[in-house]
Amino acid sequence: MPTPPLDLSPLQAQLRAFAQVRNWQPHHTPRNLLLALVGEVGELAEILQWRSDAELAALAQDNPAEWEHLGEELADVQIYLARLADVLGVDMAAAVADKLDKNARKYPEPQS
Ligand SMILES: [Mg+2]
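Residues numbered from 1 in each chain as written. Predicted model: local features only at pLDDT ≥ 70, side-chain atom pairs only at ≥ 80, totals over all residues. Heavy atoms only, no water.

K.L.:
Help me understand the coordination of the magnesium ion, please; the structure alone is not making it clear to me.
P.N.:
When a metal carries six donors in an octahedron, the ideal angles between them are 90 or 180 degrees, while four donors in a tetrahedron ideally lie at 109.5 degrees. Coordination of the magnesium ion by the protein comes from Glu-40 (OE), Glu-43 (OE), Glu-73 (OE) and Asp-76 (OD), over a distance range of 2.1 to 2.2 Å. Binding-site remark: the magnesium ion is held by donors from one chain whose sequence spacing is E-x2-E-x29-E-x2-D. Residue Glu-40 is located in helix H2 (residues 30–48), and its partner Glu-73 is located in helix H5 (residues 64–88); the two are separated by 33 residues in the primary sequence. On the accessibility criterion, Glu-73 (6% relative accessible area) is buried. (Donors = N, O, S within 2.8 Å, 3.2 Å for Na, K, Ca; no water. Helix = DSSP H or I, 4+ residues; strand = E, 2+ residues; numbered from the N terminus. Buried < 20%, exposed > 50% of the residue type's maximum accessible area, 1.4 Å probe, protein only.)

Here's what the structure looks like:
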């Protein structure tokens, strides 16, 4: 079996421990985590909306604080996605590898 392209298990273990010591598990239901994830996607969208592709390409140089903010929101999305998959018991490494394989079969490389 090829190396999974994504292994979230260390992050998920860290997030599980973070929630456990704060007794947040009762709040970490799939529904709540999904809504938190959607909220973070909205925060990410706020950064990108109304900015042109050229403005976004230059964001790191032109506005380092906003570039940092962009990274934070991407991290929030990743964190909630990882936590949601953990709570649901979905093996994301296997799911991503399987989906990439299906995509490769669905969209074969063009013949030259
Ligand atoms: Mg956020």
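K.L.:
Hey, could you run me through the pattern of salt bridges in this one?
P.N.:
Where side chains of opposite charge bring their charged atoms close, a pairing between them can arise. Applying the stated rule across the entire model yields five salt bridges. Here Glu-66 makes a salt bridge to Arg-51, at a shortest N to O gap of 3.4 Å. Of this pair, Glu-66 sits in helix H5 while Arg-51 sits in the loop between H2 and helix H3 (53–57), and the two are 15 residues apart along the sequence. According to the relative accessible area criterion, Arg-51 is partly exposed, its value standing at 28%. A salt bridge links Asp-98 to Lys-102; its shortest N-O distance comes to 3.0 Å. Residue Asp-98 and its partner Lys-102 are located together in helix H6 (residues 92–106), separated by four residues, close to a single helical turn. Among the residues examined, Asp-98 registers a relative accessible area of 36% and is labelled partly exposed. Judged by relative accessible area, which is 43%, Lys-102 ranks as partly exposed. (Salt bridge = Lys/Arg side-chain N within 4 Å of Asp/Glu carboxyl O.)

K.L.:
Before we go on, may I ask you to explain H5 in this structure?
P.N.:
In an α-helix, one turn spans 3.6 residues; hence positions three or four apart end up facing the same way. Counted at 1.5 Å a residue, the expected span for H5 with its 25 residues is 36 Å, and the 36 Å between its end C-alpha atoms agrees. Those residues of H5 not exposed but buried are Glu-66, Leu-70, Glu-73, Val-77, Ala-82, Arg-83, Leu-84, Ala-85 and Asp-86. Phi turns positive one or two residues past the end of H5, at Gly-89, with a value near 80 degrees. (Expected span 1.5 Å × (residues − 1).)

K.L.:
Would you take a moment to explain the packing of helix H1 (residues 9–21) against H5 for this structure?
P.N.:
When two helices pack together, their arrangement is captured by the angle between the axes and the distance separating the axes. In contact at an axis separation of 9 Å, H1 and H5 are set at 85 degrees when each is read in the N-to-C sense. As judged from the angle between their axes, H1 and H5 are roughly perpendicular. For the pair H1 and H5, contact is made by Leu-11, Gln-12, Leu-15, Arg-16 and Ala-19 and by Gln-78, Ile-79, Ala-82, Arg-83, Ala-85 and Asp-86, respectively. Classifying every residue of the contact of H1 with H5 gives six nonpolar, two polar and three charged. (Axes fitted to C-alpha atoms, helices over the stretch in contact; angles between N-to-C directions. Parallel < 35°, antiparallel > 145°, perpendicular 65-115°, else oblique. Contact = heavy atoms within 4.5 Å. Nonpolar A, V, L, I, M, F, W, Y, C, P; charged D, E, K, R; others polar.)

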